[in-house]
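So the chains spell out like this:
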Amino acid sequence: MKERFLLQLQKLNLHKSKLLPALSGLIVAIFFFALSIPNVYTQTYELEKYSTAPETIRSPITIENKKKTEQQLRAVTQAVEDQYTISEDIAEERLGMVNEIYEVVEETKSKEENLTKDEQLIMIESLLSDELSKGLPSEAFLPLLKAEQSLLNESHRLLETLLHNYFNEGVQGSEVKDLERRMELEIQYSETPSFLKPVLTDIGTYALVENALFDHEKTEAVIKNAAATVEPVMIRAGEVIVSEGSMITGDLYDDLLLTGLLDQQRNLLPSVGLAIFALLLGAILYTEFRRAVKKENWTFRPIFISTFVSLLIITLMKVFSLFGSMEQPVYFLVPAVTGVMIVRILCSERFAIVLAVVYSLMACLLFNGQLAGALHATAGMYLLLSQLAGIYFLTPSKERLSIVRASVGVAFINICAILFFLFISFEKYTWSEVFLYGGYGIAGAFLSSVLTLGLLPFIETGFGVLSDQKLLTLASPNHPILRKILTEAPGTYHHSIMVANLSEAACESIGAHGLLARVASYYHDLGKTVQPRYFIENQMGMKNPHDFMKPEQSAEIIINHPYDGARMLKEHKFPEEVIDIAEQHHGTTLLKYFYYQAKEMNQDTKEEDYRYPGPKPQSKEAAIVCICDSVEAAVRSLNHPTEEKLKKIVASILEDRMLDGQLDDSNLTFNELKRMETAICETLQGIFHSRIEYPVTKPLVKEAK
């Protein structure tokens, strides 16, 4: 039943059908969407103030806490002191008044001998300015008139010094009373004679006025500068808001509410964005599937394998992401290289590169620590470099050891990428962490090779992939079918061996599957064992039965052999690739010998009655076997093959197959045909090289006695 189902799928015309590529891309997109939903949605909680946090809750987004920012702003602006501007004009004016008082006193004292006390007071009042005469009574200056000139000068300097100091510091209106008391104390504790202290105090307190005036503009500028230093209070994505078991205070409750962790309403926009992203990735896969079907003749099998591998790798990335966060680089351990290695081996290198890009884009979301709106670009870049390294270092060798060798190259690239990410980071890492993360990279590469080696046999068996090991088993000379050909049709067996040598050489020259062509050549003429004596290579020492048959009867027997062989191979459950080559190795070519023989008998003979039903060769390997089958048969008919004859026959057969349209569906290019022609000619020359003719000598026979 399974074989029947696979056969029906194999017969699907994928060149015209878009259903399977579209379905595969959609399955991958839906699967990725389903696993990524938690990475775009935030988990919400039903919590109340002053309750206990059931778990450690982190912020899913980066957002400004405007309330706390405004609180800090108010605190800073309120702490700014009022700004004042010191008026030097006021200071000079008040010091000038003091100087004026002393000048008037000195002027009055110079005329003291001729003036009475009352006259002196009258003179002082007349000499003083109106402001001073009104502000200070003239009697207050009598002690100054009695003082000696030296004491008068000292007292003058004392007042000037005190007032100058106060004015330089700036006298605010609210400070005048305090400074007056301070001046009084400083005068009291000075060495000034006691009779002068009261008058000095009166003059000083009168001269001391406000000279530090409030500056509104300067105050506003200082407030603005202070406000500019206040940074917004941010809640960073991934930041712990409340730890498990802690009490949820009012501030913490506000933070939970602000980050949407208490919002029970589900926003559909993240789902829409994720769906768009998933569909874009699915569209990339669909486009590449369609290109592979058209350009590389992909059947359902590589599409199924690529889809299965994609689902596996997405699952692995999701599982690994559950054990890490944005700060924990568990993605260093992810064996994503496994997927691209399997696709590189079983499908194609180009599609493996496409999948590497797709998986890396998926990793950016899957490894975001389930923080809505965040993408982990480092994880995506790391996995992209790792996967591309796996594709590059994996050589197209038939040995499984090539996977291990490739993993060594992947490990080296992983370490280089990890060192790059660590060294450019602003965070400081210890050497122990560097070695630990480097070990992660090596372990990831080793795990990739182990998984690849372990999964390949299961995938090859489960999807019916034709592995090299299976081909080598079929190539064994002891295989029952090969022994059947050898015993029942020995000439056909020898012919098949020659075709196998030519086909493998031709395939190797253009990068096709040489081992497949060799094995298919061994079995391509299995149908001749049905009636072996009707084929010339098996007619040893007997007459050709076709000489006694009608052309149409002979043609029917010859034409049936590819399809008899394909039927027998199906019965023995041979790989489909081998069956296809056996069925297609004659394409729709014309049996010219019997056709022209029938044409001579009847001019109305139709050409299509003497053509193989086909199909034409659908792969490069089938086309090569088709060409080499004809080349070997033609060369075998030569009596004395020379290099020129061999080249001429190969060229003529290639030209005939091209003109007859037999190579139209094989995707062979002219450049490949040229390389094939050279390889076939070189192989033929090695087989049919010239030999030395030894002289005939009479054997000497000596009888035993």
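To keep things clear, this report deals only with the structure shown in the data block. (Residues numbered from 1 in each chain as written. Predicted model: local features only at pLDDT ≥ 70, side-chain atom pairs only at ≥ 80, totals over all residues. Heavy atoms only, no water.)

### With respect to the nonpolar core
Working step 1: Phe32, Met317, Met362 and Phe367 are the most contacted members of the largest nonpolar core, which totals 65 residues.
Working step 2: Among the secondary structure elements, those contributing two or more residues to this core are α2 (19-40), α13 (269-295), α14 (300-321), α15 (337-346), α16 (349-366), α17 (377-393), α18 (401-423) and α19 (431-462).
Working step 3: It is α16 that provides the largest number of residues to this core, a total of eleven residues.
Working step 4: If you look at the next biggest cluster of nonpolar residues, it comprises 51 residues, including Leu471, Val519, Ala566 and Ile579. (Core = buried A, V, L, I, M, F, W, Y, C linked by side-chain atoms within 4.5 Å. Buried < 20%, exposed > 50% of the residue type's maximum accessible area, 1.4 Å probe, protein only. Helix = DSSP H or I, 4+ residues; strand = E, 2+ residues; numbered from the N terminus.)

### Regarding unusual backbone geometry
Working step 1: Of note, the bond from glycine 614 into proline 615 is cis; its omega dihedral lies within 30 degrees of zero at 10°.
Working step 2: Take proline 615: it is sitting in the loop between α26 (592-601) and α27 (620-636).
Working step 3: Positioned with a positive phi, lysine 573 is a non-glycine residue whose angle comes to about 60°.
Working step 4: Here lysine 573 shows up in the loop between α24 (551-571) and α25 (576-584).
Working step 5: Judged by relative accessible area, which is 61%, lysine 573 ranks as exposed.

### Describing the packing of α2 against α14
Packed helices, taken two at a time, are described by their axes: the angle between them and the distance between them.
Working step 1: At a closest axis distance of 10 Å, the pairing of α2 and α14 adopts a crossing angle of 5°. The angle between α2 and α14 places the two elements in the roughly parallel class. Contacts between α2 and α14 involve Leu20, Pro21, Ser24, Ile27, Val28, Phe31, Phe32, Leu35, Pro38 and Asn39 from the first element and Phe300, Ile303, Phe304, Thr307, Ser310, Leu311, Ile314, Thr315 and Lys318 from the second.
Working step 2: In terms of residue class, the contact of α2 with α14 is built from 13 nonpolar, five polar and one charged. (Axes fitted to C-alpha atoms, helices over the stretch in contact; angles between N-to-C directions. Parallel < 35°, antiparallel > 145°, perpendicular 65-115°, else oblique. Contact = heavy atoms within 4.5 Å. Nonpolar A, V, L, I, M, F, W, Y, C, P; charged D, E, K, R; others polar.)

### Some details on the pattern of salt bridges
Working step 1: Evaluated as defined, the whole model comprises 19 salt bridges.
Working step 2: For arginine 518, the salt bridge goes to glutamate 504, with nearest N and O atoms at 2.6 Å. Placement of the pair is arginine 518 in helix α23 (residues 514-523) and glutamate 504 in helix α22 (residues 490-510), with a sequence separation of 14 residues.
Working step 3: Relative accessible area serves as the criterion here: at 22%, glutamate 504 is assigned to the partly exposed category.
Working step 4: With its nearest N and O atoms 2.8 Å apart, the salt bridge here joins aspartate 656 to arginine 657.
Working step 5: Given a relative accessible area of 27%, aspartate 656 falls into the partly exposed group.
Working step 6: Among the charged side chains, a network of salt bridges with common partners joins Glu288, Arg291 and Arg350. (Salt bridge = Lys/Arg side-chain N within 4 Å of Asp/Glu carboxyl O.)

### Quick notes on the packing of aromatic side chains
Working step 1: Under the counting rule described, the total for this entry stands at 20 aromatic pairs.
Working step 2: Both rings, one in phenylalanine 332 and one in tyrosine 382, keep their centres 4.8 Å apart while their planes meet at 65°; by these two values the pair is edge-to-face. With phenylalanine 332 in the loop between α14 and α15 and tyrosine 382 in helix α17, this residue pair connects regions lying 50 residues apart in the sequence. Side by side, phenylalanine 332 and tyrosine 382 carry an identical accessibility label, which is buried.
Working step 3: Plain terms: the ring middles of tryptophan 431 and phenylalanine 435 are 6.4 Å apart, the flat faces sit at 40° to each other, and that makes the pair tilted. Within this pair, tryptophan 431 and its partner phenylalanine 435 are both found in helix α19, separated by four residues, close to a single helical turn. The same class applies to tryptophan 431 and to phenylalanine 435, which are both exposed.
Working step 4: In textbook terms, an aromatic cluster arises when at least three aromatic residues are bridged by ring pairs, as seen for Tyr331, Phe332, Phe367, Tyr382, Tyr437 and Tyr440.
Working step 5: One Lys or Arg, arginine 94, reaches over the ring of tyrosine 206 and ends 5.1 Å from the middle of that ring. (Phe/Tyr/Trp six-rings, centres within 6.5 Å; stacked < 30°, edge-to-face > 60°. Lys NZ or Arg CZ within 6 Å of the ring centre and 35° of its normal.)

Fair warning: the whole summary comes from geometry, so function is off the table for now.
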